[in-house]
Amino acid sequence: MNISIIFVAIIALIIGCRSDDFPSHIKRCKNGDHTCIANTMNELIKVSASGIRELGVVPTDPYEIADVIVEKGEESPINIKIHYEKCNITGIDSIHVDKVTGFEKDPKTSKFRMRGHLKLSTISGPYQVSGKVLLLPITGRGWSEIKFENVSLRVSLQTHVDTRNGKEFLIIDRVVVKMETEKLRIKLENLFNHKELSDGMNAILNDNDQLIFKELQVPLQNVLEKVARQIVAPVFNKFPYNEMFLDE
């Protein structure tokens, strides 16, 4: 066979396979059908714990993330820096989407917003902490677990469109997360390398959980934004935008 014909055939095959066909067993919705879109999101979230290979979604429960820093500056009464070389986040597969806005036909002009909630989420792993809490010095390293109870979420996507071979793909530049929680529970083991002092500081942290959350809300949201983008962006990068929805 002529080598040029083989070359053309290979190029055609590569171009034709640059995007996958959207899985037929996953329910698609019409653009702007917010109830349907929210229901499909909830169905996918429920089965995301072990990953959804055909969508490019990695396992979400627990979700492992490396090099996490939660830090607040000197102007705050909670002037601390918590560093995780690696930590696990749980609860992602328990998120319930309550409301969806946008997801219209034209991805260039559409908004992409969601509201949701979950009962419990945790961040856990080996940590290092330094700084001050309510003027009291804090230092330590060991195992930690931070629990968020009755969480409400508002999420929006900042996007642009990438055109490949005449097809439009939604590229997620940033996932903006706004988070509120009714209760924050903090356990930092081995503070000051002294059990009684450690127990006392943990009691102070938990007695002032709403102040702690208010001061650490933005850096915690930054962590969630990073996680959400890592999970969601590959899905939109994998499939042309219009093929993710039913034809009108």
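Criteria and thresholds
- Residues numbered from 1 in each chain as written.
- Predicted model: local features only at pLDDT ≥ 70, side-chain atom pairs only at ≥ 80, totals over all residues.
- Heavy atoms only, no water.
- Disulfide = S-S within 2.5 Å.
- Buried < 20%, exposed > 50% of the residue type's maximum accessible area, 1.4 Å probe, protein only.
- pLDDT = per-residue confidence, 0-100.
- Contact = heavy atoms within 4.5 Å.
- Helix = DSSP H or I, 4+ residues; strand = E, 2+ residues; numbered from the N terminus.
- Expected span 1.5 Å × (residues − 1).
- Arc of directions from axis to C-beta.
- Phe/Tyr/Trp six-rings, centres within 6.5 Å; stacked < 30°, edge-to-face > 60°.
- Lys NZ or Arg CZ within 6 Å of the ring centre and 35° of its normal.

K.L.:
Help me out: how do you make sense of the state of the cysteines in this one?
P.N.:
Two cysteines, two sulfur atoms, one covalent bond between them: this is a disulfide. According to the stated counting rule, one finds one disulfide in the structure shown. The disulfide bridge from Cys 29 ends at Cys 36, spanning 2.0 Å between sulfur atoms. Handedness of the Cys 29-Cys 36 disulfide follows from its S-S torsion of about -80 degrees: it is left-handed. A residue is classified by how much of its surface remains accessible, and Cys 29, at 4% relative accessible area, is buried. Here Cys 36 falls in the buried class, since its relative accessible area comes to 10%.

K.L.:
Looking at this model, I keep getting lost on the confidence of the model for the protein chain. Mind explaining?
P.N.:
Low-pLDDT stretches of the model should not have their predicted coordinates read in fine detail. When pLDDT is averaged across the protein chain, the result is 90; 92% of the residues are at 70 or more. Low pLDDT (under 50) marks residues 3-19, which in the prediction has seven contacts with non-local residues, meaning those over four places away or in another chain.

K.L.:
Any chance you could explain helix α3 (residues 195-207) here in plain terms?
P.N.:
Think of an α-helix as 3.6 residues a turn; residues three or four steps apart then line up on the same face. For α3, which comprises 13 residues, the first-to-last C-alpha distance of 18 Å matches the rise-based estimate of 18 Å (1.5 Å per residue) to within 8%. All of the buried residues in α3 are Ser 198, Met 201, Asn 202, Leu 205 and Asn 206. All buried residues of α3 project into a common sector of 135 degrees when viewed along the axis, lining one side. Along α3, the residues that are exposed and aim more than 90 degrees away from the buried face are Glu 196 and Asp 207.

K.L.:
What should I look at first to understand the packing of aromatic side chains in this one?
P.N.:
Think of a pair of aromatic rings as described by two things: how far the centres are apart, and how the planes are tilted against each other in angle. Across all of its chains, the model carries four aromatic pairs by this definition. Between the aromatic rings of Phe 22 and Phe 239, the centroid separation amounts to 5.1 Å while the plane-to-plane angle is 70 degrees, which identifies the pairing as edge-to-face. Of this pair, Phe 22 sits in the loop between α1 (3-16) and β1 (29-30) while Phe 239 sits in the loop between α4 (209-238) and β8 (245-246), placing them 217 residues apart in sequence. Take Phe 22 and Phe 239: they sit in the same class, and that class is buried. Geometrically, the ring pair formed by Phe 112 and Tyr 241 is edge-to-face, given 6.1 Å between the ring centres and 85 degrees between the ring planes. One end of the pair, Phe 112, is in strand β5 (residues 112-133); the other, Tyr 241, is in the loop between α4 and β8, with 129 residues separating them in the sequence. Tyr 241 shares its class with Phe 112; the two are buried. Here a set of aromatic residues connected by ring pairs shows up, and it is made of Phe 103, Phe 112, Tyr 241 and Phe 245. Lying over the aromatic face of Phe 169, Arg 164 brings its terminal NZ or CZ to 3.9 Å of the ring centre.

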